[in-house]
Amino acid sequence: MALEVIALATNRAKLALYELFKFGKSFKVSYFSVGAQGHDPLDVTLALSPDPALEDCLDPIFGPKLIPPENVSVVSVFCPNFLCILAEEEANGPLSHLCLIAEIVFDPDLGGPPDPPEYFLFAVANFPLKVKTDNDRFEFNVIIP
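In this text, all values refer to a predicted model and were calculated from it rather than measured experimentally. (Residues numbered from 1 in each chain as written. Predicted model: local features only at pLDDT ≥ 70, side-chain atom pairs only at ≥ 80, totals over all residues. Heavy atoms only, no water.)

A. View of the packing of aromatic side chains. A complete count under the given rule lists seven aromatic pairs for this structure. On the numbers, 5.5 Å between centres and 40° between planes, the contact of F27 with F122 is tilted. One end of the pair, F27, is in strand β3 (residues 26-35); the other, F122, is in strand β10 (residues 119-132), and 95 residues separate them in sequence. Relative accessible area serves as the criterion here: at 9%, F122 is assigned to the buried category. A ring pair is formed by F127 and F140, whose centres lie 5.4 Å apart and whose planes are at 40°; its orientation type is tilted. (Phe/Tyr/Trp six-rings, centres within 6.5 Å; stacked < 30°, edge-to-face > 60°. Helix = DSSP H or I, 4+ residues; strand = E, 2+ residues; numbered from the N terminus. Buried < 20%, exposed > 50% of the residue type's maximum accessible area, 1.4 Å probe, protein only.)

Here it is, written out as structure tokens:
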């Protein structure tokens, strides 16, 4: 099943962009996680508004899973697109949110990547409740406008 979702960049993501532009501290969105905290519990057909202040993915039920570089593209100059795929055996059950997780790949103060690696919540996409079974393959096309 192909699902188009729009993600909201977190406040931490905006800070990372500032650090990139000002200091050259760079990152890449490398992983995704999924969970079931993105829908309205009183009406599962409605998605909740994502909270940009989140610092961690809420109750992930699966992930983090690597996003292969070939699954990252751009719609326009500042609109990235991430194809996040859940195979049949992955994350079976209720799903209503997806988190994109970034890792710092270069810190100018360190002269390289942090050791141990440093990760942060980059964006969150909420959607109406979907139930995935072991017969389903979900492909999330995630954009951040």
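B. Seen up close, the nonpolar core. C84, L98, L100, F122, F140 and V142 are the most contacted members of the largest nonpolar core, which has 29 residues in total. For this core, the elements supplying multiple residues, two or more each, are β1 (2-6), α1 (11-23), β3, β8 (79-86), β9 (93-106), β10 and β11 (138-143). Counting residues in hydrophobic clusters, the runner-up holds five residues, among them C57, C99, L121 and V124. (Core = buried A, V, L, I, M, F, W, Y, C linked by side-chain atoms within 4.5 Å.)

C. Examining the pairing of β11 more closely. By the alternation rule, side chains of β11 split into F138, F140 and V142, which are all buried, and E139, N141 and I143, of which none is buried. Strand direction decides the pairing type here: β1 and β11, joined by five bridges, are parallel. Looking across to β11, one finds that A2 is bridged to E139. (Pairing = 2+ DSSP bridges.)

D. Representation of the state of the cysteines. Per the counting criterion, the structure on display carries one disulfide. At a sulfur-sulfur separation of 2.1 Å, the disulfide partner of C57 is C99. In this structure, the disulfide formed by C57 and C99 twists by about 80° around the S-S bond and is classed as right-handed. Remark: C99 occurs in strand β9 and C57 occurs in the loop between β5 (43-47) and β6 (60-66); sequence separation between them is 42 residues. You'll find C57 and C99 in the same group, each marked buried. Of all cysteine sulfurs, the one in C84 lies closest to C79, which takes part in no disulfide; the gap is 14 Å. Residue classification places C79 among the buried positions, given a relative accessible area of 10%. (Disulfide = S-S within 2.5 Å.)

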